[in-house]
Amino acid sequence: MKKVLTIAGSDCSGGAGIQADLKTIAAHRMYGMSAITALTAQNTTGVFGILQSTPEFLASQLDCIFTDIFPDAVKIGMVGSVPLIRVIAQKLREYAPKNIVVDPVMVSTSGSKLLEEDAAGALCRELLPLATLLTPNLPEAEALSGLHIRSPEDMIAAARKISEVYPSAILVKGGHSGGSADDLLFAGGACHWFSSPRILTENTHGTGCTLSSAIACNLAAGAALPDAVRRGKDYVTGALMDGMDLGRGNGPLNHCYAMRPGLPWLEF
């Protein structure tokens, strides 16, 4: 059985963060592990409190995982402070896992800020250079590239600019655009477009967490990067199309839609 580690914050409402990641990993028939960077008090309407792990406790979590059940892929989500970023970077360099997917989480779907002011620079210096794949949404891609993104050509320019700084592949997610939900994978100087129709739903809480975890699962299974992205995007599309409607705000998607009787399990 393949093993996938998520390093992220907890979402007590279950739609994003660690909870979304572990559901996604289970849906891919893999063994999920977690190192929790923060506890959050949040629901579909917003984030109401954040209690961060201490650097020492996060380091202990990572040591326990890497020295016992070594992961085949690592997904990194919410990391809110400089000391936590440095701990994660140190442990990644120490244990050198393969298939590191970093979702550079800066704000939640509801618009709540999840990254301290001084942490953005540390994220860029310490953690992003270690990634196999970065998965910024459009606002995050703008922040990383310094460019305004208004078109597919802008997405290419931003991905190219980011790749000049970081050696990883870049997946610029187009879900924040007003048109179709097209994503751009820029890897090895080549562009790969992944197109899908926009699903008319407000229940998008945790889509970024879910996509990065699904891609990590497919990389753990040995899929080539473009295939891993395509399969991850297909999984998220299915979870959105399931039409689950929970909460009073941006509701969650159904991570376990493919596990219902009569539906085929995800294939690799």
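Summarised in this report is the structure supplied together with it. Once a new chain begins, its residue numbering starts again from 1 and follows that chain's sequence as written. Only residues with pLDDT of at least 70 get local features here, since the model is predicted, and only at 80 or more are side-chain atom pairs given and counted; chain-wide, interface and lining totals rely on the full set of residues. Processing note: side-chain calculations cover all non-hydrogen atoms of the structure and skip hydrogens and water entirely.

What follows deals with the pattern of salt bridges. In what follows, salt bridge is the name for a side-chain nitrogen of Lys or Arg lying within 4 Å of a carboxyl oxygen of Asp or Glu. Counted by the stated rule, this structure contains 10 salt bridges. With a shortest N-O distance of 3.0 Å, D63 and K91 are connected by a salt bridge. With D63 in helix α2 (residues 55-66) and K91 in helix α3 (residues 82-95), this residue pair connects regions lying 28 residues apart in the sequence. D63 sits in the partly exposed class, given a relative accessible area of 26%. Taken together, the shared-partner salt bridges in this structure form one network comprising D63, K91 and E94. Per the convention used, a helix needs a DSSP run of H or I reaching at least four residues, while a strand needs a run of E reaching at least two, with both numbered from the N terminus. Exposed residues in this analysis have more than 50% of their type's maximum accessible area, buried residues have under 20%, and partly exposed residues fall in between, with area computed by a 1.4 Å probe over protein chains only.

We call Phe, Tyr and Trp rings a pair once their centres come within 6.5 Å, taking the six-membered ring for Trp, and we label the pair stacked below 30 degrees between planes, edge-to-face above 60, and tilted otherwise. For the structure on display, the rule yields three aromatic pairs. With centroids separated by 4.8 Å and ring planes inclined at 15°, the aromatic side chains of F66 and Y95 adopt a geometry described as stacked. With F66 in helix α2 and Y95 in helix α3, this pair connects stretches of sequence that are 29 residues apart. With respect to class, F66 is no different from Y95; both count as buried. For the pair Y235 and Y257, a centre-to-centre distance of 5.7 Å together with 35° between the ring planes defines the contact as tilted. Of this pair, Y235 sits in helix α8 (residues 225-241) while Y257 sits in the segment after α8, placing them 22 residues apart in sequence.

Moving on: the side chain of H205. With respect to the helices and strands, the residue H205 is situated in the loop between β9 (190-194) and α7 (207-220). The buried category is assigned to H205, whose relative accessible area is 6%. Polar contact criterion, stated in full: a pair of N or O atoms within 3.5 Å, where within protein one must be able to donate a hydrogen and the other to accept it, and residues adjacent in sequence count only if both atoms are side-chain atoms. Side chain to side chain, H205 and D11 meet in a polar contact 2.9 Å long.

All right, on to the side chain of S145 then. Locating S145 in the fold gives a position in helix α5 (residues 138-145). What makes S145 buried here is its relative accessible area of 8%. For S145, the side chain forms a polar contact with the main-chain nitrogen of L147, separated by 3.2 Å. Contacts are assigned to residue pairs that have any heavy atoms within 4.5 Å of one another. Contact partners of S145, with chain neighbours within four places excluded, come to A158, K161 and I162.

Purely spatial values, then, with no claim about function.
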